[in-house]
Amino acid sequence: MIQELKIDNLEKIDNSFLNKEYIKNELNNNPYAKILLLIENNEIIGYLYYSDIYERAEINQIEINDAYRNLGFGTKIMKFFTETVDKNITLEVNKENIPAIKLYKKFHFEEKAIRKGYYNGIDGLLMERKKDS
Ligand SMILES: CC(C)(COP(=O)(O)OP(=O)(O)OC[C@H]1O[C@@H](n2cnc3c(N)ncnc32)[C@H](O)[C@@H]1OP(=O)(O)O)[C@@H](O)C(=O)NCCC(=O)NCCS
């Protein structure tokens with residue numbers, strides 16, 4: 001099940017994987033922030049945090065609890081997201097983050113630019129997925 005996390009529900013959540021302080025801070029300070037939770041058997045195992053900025057959406061973070069990685073859950077939440085958000089989507093990723101880049105390419109994100117040394121000396125890739133791709 002995938003559902004949006006509303007700030008009013010944050011305190012009710014008991015889940016050590018989710019960094020509640022970080023999420024609370026983002027929801028309070030980013031007027032465009034939206035968080036999708038991936039819930040399996042009543043357990044939150046992943047989230048996708050994005051900014052819904054008028055004609056564009058920007059993925060700020062996607063994370064699957066490390067015990068559940070490489071099992072298709074990232075694909076599941078990304079499929080829901082790309083089908084629901086009917087907009088161009090952008091993101092930045094560490095060039096060495098192979099699992100994330102594989103996930104993005106699977107959903108037709110394309111490399112648009114390089115940010116030299118953006119991640120502590122490692123290049124960042126700016127990627128974009130065109131609406132309807
Ligand atoms: C990136 C992340 C969300 C992917 O989630 P996931 O549930 O592991 O992804 P999936 O199982 O759906 O796999 C997606 C694709 O990546 C590949 N993949 C996943 N983990 C991989 C690994 N460790 N090495 C190589 N390929 C990998 C899968 O094979 C799959 O491709 P395929 O369908 O063509 O076989 C997860 O690795 C994660 O939480 N990473 C830490 C946080 C992070 O780096 N987020 C991105 C910030 S920009």
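Please read all numbers here as calculations on a predicted model, not as lab measurements.

S.K.: Which residues make up the overall build of the protein, and what values do they have?
M.R.: Counting its secondary structure elements, the protein contains four helices and seven strands. Tracing the protein from N to C terminus, the helices and strands come up as β-α-α-β-β-β-α-β-α-β-β. Its C-alpha radius of gyration of 15 Å places the protein within 12% of the 14 Å reference for a compact globule of 133 residues. With respect to the three principal axes, the spread of C-alpha positions in the protein is 40 × 35 × 30 Å.

S.K.: Go over the sheet that holds strand S4 (residues 56-64) with me, naming the residues and quoting the values.
M.R.: The seven strands lie next to each other as S1-S2-S3-S4-S5-S7-S6, forming an open sheet whose pairing is mixed. Strands with a single pairing partner mark the edges of an open sheet, and in this sheet they are strand S1 (2-4) and strand S6 (110-119). Strand-to-strand twist in this sheet, taken as the mean axis angle between neighbours without regard to direction, amounts to 25°. As paired elements, strand S2 (residues 33-40) and strand S3 (residues 43-53) share eight bridges and run antiparallel to each other. Paired with Glu-40 across the strands is Glu-43, a residue of S3. Running at roughly 145° to S2, helix H2 (residues 20-29) makes contact with S2, S3 and S4 of the sheet. Along the sheet, helix H4 (residues 98-106) contacts S4, strand S5 (88-94), S6 and strand S7 (122-129); its crossing angle with S5, the most-contacted strand, is approximately 160°.

S.K.: So what about the site of the ligand? Which residues, and what values?
M.R.: Not every one of the 20 residues close to the ligand is listed here, only the nearest: Asn-70, Gly-72, Gly-74, Thr-75 and Lys-106. Lys-102 is positioned with one of its side-chain polar atoms (N or O) 3.4 Å from a nitrogen atom of the ligand. Calculation on the ligand without its partners gives an accessible area of 930 Å², and the protein chains cover 73% of this total. Elements with a minimum of two residues in the shell around the ligand: S4, helix H3 (73-84), S5 and H4. Broken down by element, the shell around the ligand gets its largest block of residues, six residues, from H4. Of the residues assigned to the shell around the ligand, the class counts are nine nonpolar, six polar and five charged.

S.K.: Lay out the pattern of salt bridges with the relevant residues and their values.
M.R.: Note on pairing: side chains with opposite charge can pair once their charged atoms come close. Tallied over the full model, the rule gives 13 salt bridges. The salt bridge partner of Glu-11 is Lys-24, with a shortest N-O separation of 3.7 Å. Of this pair, Glu-11 sits in the loop between helix H1 (7-10) and H2 while Lys-24 sits in helix H2, placing them 13 residues apart in sequence. With a relative accessible area of 55%, Glu-11 lands in the exposed category. Overlapping salt bridges bring together Lys-34, Asp-52 and Lys-87 as one network.

Conventions used here
- Residues numbered from 1 in each chain as written.
- Predicted model: local features only at pLDDT ≥ 70, side-chain atom pairs only at ≥ 80, totals over all residues.
- Heavy atoms only, no water.
- Helix = DSSP H or I, 4+ residues; strand = E, 2+ residues; numbered from the N terminus.
- Rg over C-alpha atoms; globule rule 2.2 N^0.38 Å.
- Pairing = 2+ DSSP bridges.
- Axes fitted to C-alpha atoms, helices over the stretch in contact; angles between N-to-C directions.
- Contact = heavy atoms within 4.5 Å.
- Near = heavy atom within 4 Å.
- Polar contact = N/O pair within 3.5 Å; in protein donor to acceptor, adjacent residues only side chain to side chain.
- Areas by Shrake-Rupley, 256 points an atom, 1.4 Å probe, with all protein chains shown as cover.
- Nonpolar A, V, L, I, M, F, W, Y, C, P; charged D, E, K, R; others polar.
- Salt bridge = Lys/Arg side-chain N within 4 Å of Asp/Glu carboxyl O.
- Buried < 20%, exposed > 50% of the residue type's maximum accessible area, 1.4 Å probe, protein only.

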